[in-house]
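# Remarks on the overall topology
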Amino acid sequence: MFERIVLASGNQGKLREFSKLFAEYNIQIQPQSDFNVPECPEPHCTFVENAIAKARHAAKHSGLPALADDSGICAEALNGAPGVLSARFAGDNPKSDAANNTKLSAELADKSNKRCYYVCILVLVRHEHDPQPIIAEGIWHGTWQAQPSGGNGFGYDPHFYLADQGCTAAELDPETKNRLSHRGLALQELMKKIRQSFSE
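Let us look at the structure shown here. (Residues numbered from 1 in each chain as written. Predicted model: local features only at pLDDT ≥ 70, side-chain atom pairs only at ≥ 80, totals over all residues. Heavy atoms only, no water.)

### A short note on the packing of aromatic side chains
This model, assessed by the stated rule, comprises 5 aromatic pairs. With a centroid separation of 6.5 Å and an interplanar angle of 45°, the aromatic rings of F18 and F22 are classed as tilted. Of the two residues, F18 and F22 are both situated in helix α1 (residues 12–23); the distance of 4 residues between them amounts to about one turn of the helix. Taken as a pair, F18 and F22 share a single burial class, namely buried. Considering the side-chain rings of Y118 and F160, the 4.5 Å spacing of their centres and the 45° angle between planes classify their relative orientation as tilted. (Phe/Tyr/Trp six-rings, centres within 6.5 Å; stacked < 30°, edge-to-face > 60°. Helix = DSSP H or I, 4+ residues; strand = E, 2+ residues; numbered from the N terminus. Buried < 20%, exposed > 50% of the residue type's maximum accessible area, 1.4 Å probe, protein only.)

### Concerning the environment of P94
Residue position: P94 is located in the loop between β3 (66–75) and α3 (97–108). As a C-alpha pair, P94 and L122 span 28 residues in sequence and 26 Å in three-dimensional space.

### Some words on the pattern of salt bridges
A complete count under the given rule lists 8 salt bridges for this structure. Ionic pairing is found between E42 and K54, a salt bridge with its closest N-O pair at 3.6 Å. A residue pair is termed long-range when its members are at least 10 positions apart, and E42 in the loop between β2 (28–31) and α2 (47–62) and K54 in helix α2 qualify at 12 residues. With its nearest N and O atoms 3.0 Å apart, the salt bridge here joins E76 to R115. Residue E76 is found in the loop between β3 and α3, and its partner R115 is found in strand β4 (residues 115–125); the two are separated by 39 residues along the sequence. We classify E76 as partly exposed; its relative accessible area is 35%. Taken together, the shared-partner salt bridges connect K14, D69 and R183 into one network. (Salt bridge = Lys/Arg side-chain N within 4 Å of Asp/Glu carboxyl O.)

### Remarks on the nonpolar core
Side chains of nonpolar character tend, in soluble globular proteins, to be buried together. If you look at the biggest cluster of nonpolar residues, it comprises 20 residues, and the most contacted ones within it are I5, F22, L67, L122, L124 and L190. If you list the elements that add at least two residues to this core, you get β1 (4–7), α1, β4, β5 (134–144) and α5 (182–199). Setting aside residues no more than four positions away along its own chain, F22 makes contact with I5, I27, I29, L67, L187, L190 and M191. Judged by nonpolar contacts, the second largest core, of 17 residues, contains Y118, W140, W144 and L180. (Core = buried A, V, L, I, M, F, W, Y, C linked by side-chain atoms within 4.5 Å. Contact = heavy atoms within 4.5 Å.)

### Quick word on the pairing of β5
Residues in a regular strand project their side chains so that they alternate between the two faces of the sheet. Summarising the sheet, β4 and β5 pair through 10 bridges and their orientation is antiparallel. The partner of Y118 across the bridge, within β5, is W140. Where β5 and strand β6 (residues 160–162) come together, 2 bridges link them in antiparallel fashion. Paired with W144 across the bridge in β6 is F160. (Pairing = 2+ DSSP bridges.)

### Section: α3
In this model α3 runs 16 Å from its N-terminal to its C-terminal C-alpha over 12 residues, within 8% of the 16 Å that 1.5 Å per residue would give. Looking at the buried residues of α3, the elements they touch are β3 and β5. With a side-chain oxygen positioned 3.3 Å from the backbone nitrogen of A98, the residue opening α3 is S96. (Expected span 1.5 Å × (residues − 1). Polar contact = N/O pair within 3.5 Å; in protein donor to acceptor, adjacent residues only side chain to side chain.)

### Focus: the pairing of β1
In this structure, β1 lies alongside β2, joined through 4 bridges in parallel fashion. Directly across from R4, in β2, lies its bridge partner Q28. Taking the sense of rotation as the criterion, the β-α-β connection linking β1, α1 and β2 turns out right-handed. Across 2 bridges, the pairing between β1 and β3 is parallel. By the bridge assignment for β3, L7 is matched with L67. (Right-handed = clockwise from strand over helix to strand, strands pointing away.)

What follows is the structure in C-alpha cells.
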C-alpha cells in the first residue's frame, strides 16, 4: 500500500477533501505545489484523458505515485456542459466560482430540464510510465437551483440541490458529503481497486 501520494492539483478544496478521505487509510496526501510541479495542460475533451495526463505529469516531477482528479458538473439540457470546462466555464481571468455559477444559472434559466450531475474521474499512477493506471469513476445526481444556499463545499455546490437530502451540496456537513459525493464514490471504487491490485 502507498504511504505518500502527490495530489495533481492546486485546488485547496480538493486537497482538504482528499486528505480527510485518505486519512482513514493512513495515506498522506501532499499537494503538487510541495514539489514545484508546473501547471499541466488539459487539452482533452474527456475527464479520463485529462486525469491521466495530470497524474503522469505529477508523478514525473515528484517521483512519487500520483493521484489526479478530473471532475466537473454536467447539465443535461446543455448536452453535458460545462463538463471538463467546469473550473473555467466563465473564463480564466481569473477563474471564479461565483462567475461560473452565474453563467450556468443564466444558461439554464430558460430550460425546463434542470437535472445535472457531478462527475469525478480518479486516476492513480504508481510512476510516470505506469502502463496500467488505476481508474475510478463516481457520479452524483442532482438538480440545478438558481438561488445559492449553504456555506460548505466549493465550486457549484451551493446550487447543486439534492432531493433525497432536501438541501444543496453546500449545506451538507463534510462527513456526509464525503460519503455521498462523486469524489467520495470514486474514492471508494479506487480504494477497492488498490486493495485488489495489492492482493493479487
